[in-house]
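Summary of the model geometry
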Amino acid sequence: MSTKLIEEILSPDNLDLAKKRVVANKGSCGVDGMKVDELDDYLKEHQDEIISKVLKRKYKPLPVRRVQIPKGDGSKRNLGIPSVKDRWLQQAIYQKVLPLAEEMFSNSSYGFRPGRRCEDAIVKALEYLNDGFDWLVDMDLSKFFDNVNQDILMVLVHNVVHDPDTESIIRKYLQSGVMIDGTFESTKVGTPQGGNLSPLLANIYLHEFDMELEARGLRFTRYADDIMIYVKSESAANRVMSSVTRWLRNHLRVEVNMTKTKVCRPDEVKYLGFSFYINSKGVWRPKPHIKSITKLKEKLHNETIRSKSYSIAYRISKLNPTYTWMD
């Protein structure tokens, strides 16, 4: 017998909405080569079969396709691109699990949540800074998405969904594996960035940390794994950095990158693309970080350089998302 949540996930209306969102988001194909515009025809033939397999817990997701995105420090971020049909099913799960998780999430969490943006985290940061909490613990988690403990995560997912069928399919996505240059590798840890579920699962995982910080009475903002804690003195910041680092290691098996985690003042950080300065009235204000400005200039240059024979229409299509983000 199926459970209520999985039936809601697999309902025609929810699956149709998931299909529309996957198609609208476009994106690259997965390991099977299926393109987004092929999804509709594929589902007309196979949707009932997929639903049946999910209900019987026999559905097997395809491995994700590994791609690597360069980071500003020269390292690379691993992304996992699911197949289009798995993006569709993940999106259907996301649409029904998200409202359950949102009921419990902290107001200090901003990343990958409906109606919340990084700018909101910056506004809250300014509030803390100007209330005198202007010593910062700037935390960097070591390859967080790659190292999530799946057993701990599934316990936390259970606390949200209370639905064994839904938990089963989520676990299968976590362990679906990855294809790297044609070679399969298992995924016993982590939740691959690039999947529709990964940001939600990351927020469920780090919600435990949010609750710990709130229980300690600490002021903080978190955008996914980008965490800033605000206190009133350097000594307090050092104590907090030490104690929360131990807590993350002991309770969530999360390691803090101690070469990048630091105690600092607001004008020494790069947080969500911003830094801070004190104006002539002694008030902390935000400003785009110099690295963010440089990155934007490089992006605009690459899209407008005359040596590339792009049409005006193509250039506009590439620039519009940038302008929307700036707005």
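Note that this is a predicted model, so its numbers are computed, not measured.

Procedures and definitions
Residues numbered from 1 in each chain as written. Predicted model: local features only at pLDDT ≥ 70, side-chain atom pairs only at ≥ 80, totals over all residues. Heavy atoms only, no water. Helix = DSSP H or I, 4+ residues; strand = E, 2+ residues; numbered from the N terminus. Buried < 20%, exposed > 50% of the residue type's maximum accessible area, 1.4 Å probe, protein only. Contact = heavy atoms within 4.5 Å. Axes fitted to C-alpha atoms, helices over the stretch in contact; angles between N-to-C directions. Parallel < 35°, antiparallel > 145°, perpendicular 65-115°, else oblique. Left-handed = near helix turned anticlockwise from the far one by under 90°. pLDDT = per-residue confidence, 0-100. Expected span 1.5 Å × (residues − 1).

**Here's the deal with the overall build of the protein chain**
Looking only at helices and strands, one finds twelve helices and ten strands in the protein chain. Going through the 327 residues of the protein chain one by one, you find that 44% of them count as buried. Within the protein chain, contacts between residues separated by at least 24 positions form 67% of all contacts whose residues are at least 6 apart in sequence.

**Remarks on the packing of helix H7 (residues 150-161) against helix H8 (residues 164-174)**
Running from N to C, H7 and H8 cross one another at 150°; their axes reach a closest spacing of 10 Å. As summarised for this structure, H7 and H8 are arranged roughly antiparallel, according to the angle between their axes. Along this stretch, H7 crosses H8, giving a crossing that reads as right-handed. Between H7 and H8, the contacting residues are Gln150, Asp151, Leu153, Met154, Val157, His158 and Val161 on the first element and Glu167, Ile170, Arg171 and Leu174 on the second.

**So, the packing of helix H2 (residues 12-25) against helix H4 (residues 84-102)**
Remark: H2 packs on H4, axes separated minimally by 8 Å, with the N-to-C direction vectors making an angle of 120°. As the angle between them shows, H2 and H4 are arranged oblique. Seen along the crossing, H2 lies across H4 with a hand that is right-handed. Here Asn14, Leu15, Leu17, Ala18, Lys19, Arg21 and Val22 of H2 come into contact with H4, specifically with Val84, Arg87, Trp88, Gln91, Ala92, Gln95 and Lys96.

**Here we look at the confidence of the model for the protein chain**
Low pLDDT marks stretches whose predicted atomic positions should not be read closely. Looking at the protein chain as a whole, its pLDDT mean stands at 90, while 87% of the residues score no less than 70. Mean pLDDT in the protein chain bottoms out at helix H12 (residues 312-326), which sits at 59, and peaks at helix H10 (residues 234-252), which reaches 98.

**Quick look at helix H9 (residues 198-215)**
With 18 residues, H9 extends 26 Å from end C-alpha to end C-alpha; this agrees with the ideal 26 Å at 1.5 Å per step. Most of H9 is tucked away, with 13 of its 18 residues classed as buried. Phi turns positive one or two residues past the end of H9, at Gly217, with a value near 75°.

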